[in-house]
Amino acid sequence: MKHLLSTKDLSRDEAVGILDTAAHMAETQAREIKKLPALRGRTVVNLFYEDSTRTRNSFETAEKRLSADVINFSAKGSSVSKGESLKDTVETIGAMGIDAIVVRHSASGAAHRIAHSDWTDATVINAGDGTHQHPTQALLDAYTLRRHLMGPDPLGQDLAGVGVAIVGDVLHSRVARSNVDLLTTLGAHVTLVAPPTLLPIGVETWQCGVSYDFDRTLAEGGLDAVMMLRVQAERMSAAGGGYFPSANEYSREYGLDSARLSRLPAGVLVMHPGPMNRGLEITSVVADSAQSVIVEQVANGVAIRMAVLYLTLTGGQGGAL
Ligand code: CP
């Protein structure tokens, strides 16, 4: 695996291999000295054209824990504001001698464009492209599910039989697309829950169930986790808005609050990729409840990103962990 562009590209065994490597990485992070020499002498650039808190900082943490040299590039404050193209930016950064590009971009397909160009020979890892894919987010979500649901020794296991509802703004969500692809590859059953206005055209062809009725989906049972999605107001206003009548109505129909949570078994996990709109798609009480694994998702992101960097850059031959 030279690049990681989409969870669609991962076989069941490749995905389980990444989760297993992440589990080994997580073990190393319990040591007093967390730094590993695996990527010593390699240079990774974090090329971020869109804002990020979790993904960017956890990639940087993962790179430093693996002893890589790190270049952080933000489009804001760079020559992108003077009109420099993606090609010229990649070639300019590439001229400094880099081994990997971690890229976030508002254009769907940007990571694929870089990976399959003659602009660079570097490994490309997609850190989120438009509404298309966010593969490391889906991998950290799968890792979190496996840790909680597949017993004390989940190494080698997939998510066969696990039920996950993904709820909210599916239309604008690269997290939803990446998770549908990955979770189904791993044997989970996924149901998307959203108003018709927030589901993409052609969703009926995806390998998952679709529901417009959150309460009915909760009542039907069979869920091990409920993954709430951020209402992506910035993408909605750019498209003229009008996706739902009001924030209150959206919360009433599709928000996860204490009343809905109380109708779920105590073991059902509450997930959210962040950043959250507290009070819109999820209440603070639910986000901070004992069933919430939202902060743990962030922690698991470091181990997943260490695993992805290690496997793409060394092919798993980076020495003892
Ligand atoms: N989940 C996620 O991608 O968060 P950030 O936008 O903060 O990176």
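The rules behind these values
- Residues numbered from 1 in each chain as written.
- Predicted model: local features only at pLDDT ≥ 70, side-chain atom pairs only at ≥ 80, totals over all residues.
- Heavy atoms only, no water.
- Near = heavy atom within 4 Å.
- Areas by Shrake-Rupley, 256 points an atom, 1.4 Å probe, with all protein chains shown as cover.
- 1 Å grid on protein atoms, 1.4 Å probe; cavity = no way out; pocket = protein on both sides within 12 Å on 5 of 7 lines; lining within 4 Å.
- Sits in = over half its atoms within 2 Å of the grid points.
- Domains from an automatic or database assignment.
- Pairing = 2+ DSSP bridges.
- Helix = DSSP H or I, 4+ residues; strand = E, 2+ residues; numbered from the N terminus.
- Axes fitted to C-alpha atoms, helices over the stretch in contact; angles between N-to-C directions.
- Contact = heavy atoms within 4.5 Å.
- Buried area = accessible area lost by both parts, 1.4 Å probe.
- Salt bridge = Lys/Arg side-chain N within 4 Å of Asp/Glu carboxyl O.
- Polar contact = N/O pair within 3.5 Å; in protein donor to acceptor, adjacent residues only side chain to side chain.
- Expected span 1.5 Å × (residues − 1).
- Buried < 20%, exposed > 50% of the residue type's maximum accessible area, 1.4 Å probe, protein only.
- Parallel < 35°, antiparallel > 145°, perpendicular 65-115°, else oblique.
- Left-handed = near helix turned anticlockwise from the far one by under 90°.
- Nonpolar A, V, L, I, M, F, W, Y, C, P; charged D, E, K, R; others polar.
- Points joined across faces, edges and corners; volume = space filled by probe spheres on them.

We now examine the site of the ligand. Lining the immediate surroundings of the ligand are Ser52, Thr53, Arg54, Thr55, Arg104, His134, Gln137, Pro273 and Gly274. Its free accessible area being 250 Å², the ligand has 91% of it covered by the protein chains. Here the ligand is seated within the largest pocket. In this structure, the shell around the ligand is formed jointly by two domains, domain 1 (7–134 + 299–314) and domain 2 (136–296), each of which donates at least three residues.

Another point: the sheet that holds strand β5 (residues 163–167). Either a parallel or an antiparallel arrangement is found when strands of a sheet pair, and the pairing is made through backbone hydrogen bonds. As summarised here, the arrangement of the five strands in space is β7-β6-β5-β8-β9, forming an open sheet in which the pairing is parallel. Of all strands in the sheet, those with a lone pairing partner are β7 (209–211) and β9 (269–271), marking the two edges. Each strand axis lies, on average, 20 degrees off the axis of its neighbour in the sheet, ignoring direction. For strand β8 (residues 225–228) and β9, the ladder comprises three bridges, and the chain directions are parallel.

This part takes up the domain arrangement of the protein. Here the protein is described as being made up of domain 1 (7–134 + 299–314) and domain 2 (136–296). The distance between the C-alpha centroids of domain 1 and domain 2 comes to 25 Å. Across the boundary between the two partners, domain 1 contributes 33 residues, which contact 31 residues of domain 2. A combined buried area of about 2700 Å² lies between domain 1 and domain 2, and 56% of that area is made up of carbon and sulfur atoms. Summed over the three residues of domain 1 that lose the most area to domain 2, namely Leu19, His134 and Asn300, the buried surface amounts to 25% of that side. The interface formed by domain 1 and domain 2 contains five salt bridges. A salt bridge links lysine 8 to aspartate 181; the shortest N-O distance between them is 3.4 Å. Inspection of the domain 1/domain 2 interface yields 22 residue pairs in polar contact (both at pLDDT 80 or more).

Looking now at helix α2 (residues 54–65). Each α-helix turn comprises 3.6 residues. Residues three or four places apart therefore point the same way. Between its first and last C-alpha, α2 extends 16 Å over 12 residues, near the 16 Å set by a 1.5 Å rise per residue. Residues Thr55, Arg56, Ser58, Phe59, Glu60, Ala62 and Glu63 constitute the buried set of α2. In this fold, the buried residues of α2 make contact with β1 (43–48), β2 (69–74), β3 (100–105), β4 (123–129), α5 (135–149) and α12 (294–314). After α2 finishes, the residue serine 67 shows a positive phi value of roughly 70 degrees.

The next subject is the side chain of threonine 123. With respect to the helices, strands and loops of the structure, threonine 123 is situated in strand β4. In terms of polar contacts, threonine 123 uses its side chain to reach the backbone carbonyl oxygen of lysine 2, at 3.0 Å. Here threonine 123 is in contact with Lys2, His3, Asp99, Ala100, Ile101, Thr312 and Leu313, once residues within four sequence places are set aside.

At a minimum axis distance of 8 Å, the contact between α2 and α12 shows a crossing angle of 55 degrees. With respect to α12, the axis of α2 lies oblique. For the element pair α2 and α12, the recorded crossing hand is right-handed. In this structure, α2 contributes Arg54, Thr55, Ser58, Phe59, Thr61, Ala62, Glu63 and Arg65 to the contact, and α12 contributes Val298, Gly301, Val302, Arg305, Met306 and Leu309. Tallied by class, residues from the contact of α2 with α12 come to six nonpolar, four polar and four charged.

In this structure, the largest pocket spans a volume of roughly 420 Å³. Lining the largest pocket are 21 residues, with Arg104, Arg174, Arg230, Gly274 and Pro275 positioned closest to its centre. Counting residues per element, the ones that place at least two in the lining of the largest pocket are α2, α6 (174–185) and α8 (233–238). Looking at the lining of the largest pocket residue by residue, the classes come out as four nonpolar, eight polar and nine charged. Residues lining the lining of the largest pocket come from more than one domain, with at least three contributed by each of domain 1 (7–134 + 299–314) and domain 2 (136–296). In this structure, the second largest pocket occupies an estimated 210 Å³ of space. Lining the second largest pocket are Ala23, Ala26, Glu27, Tyr143, Arg146, Arg147, Gly151, Pro152, Asp153, Pro154 and Leu155. Residue assignment for the lining of the second largest pocket shows that the elements contributing at least two residues are α1 (12–28) and α5. Looking at the lining of the second largest pocket residue by residue, the classes come out as six nonpolar, one polar and four charged. In terms of domain composition, the lining of the second largest pocket takes at least three residues from each of domain 1 (7–134 + 299–314) and domain 2 (136–296).

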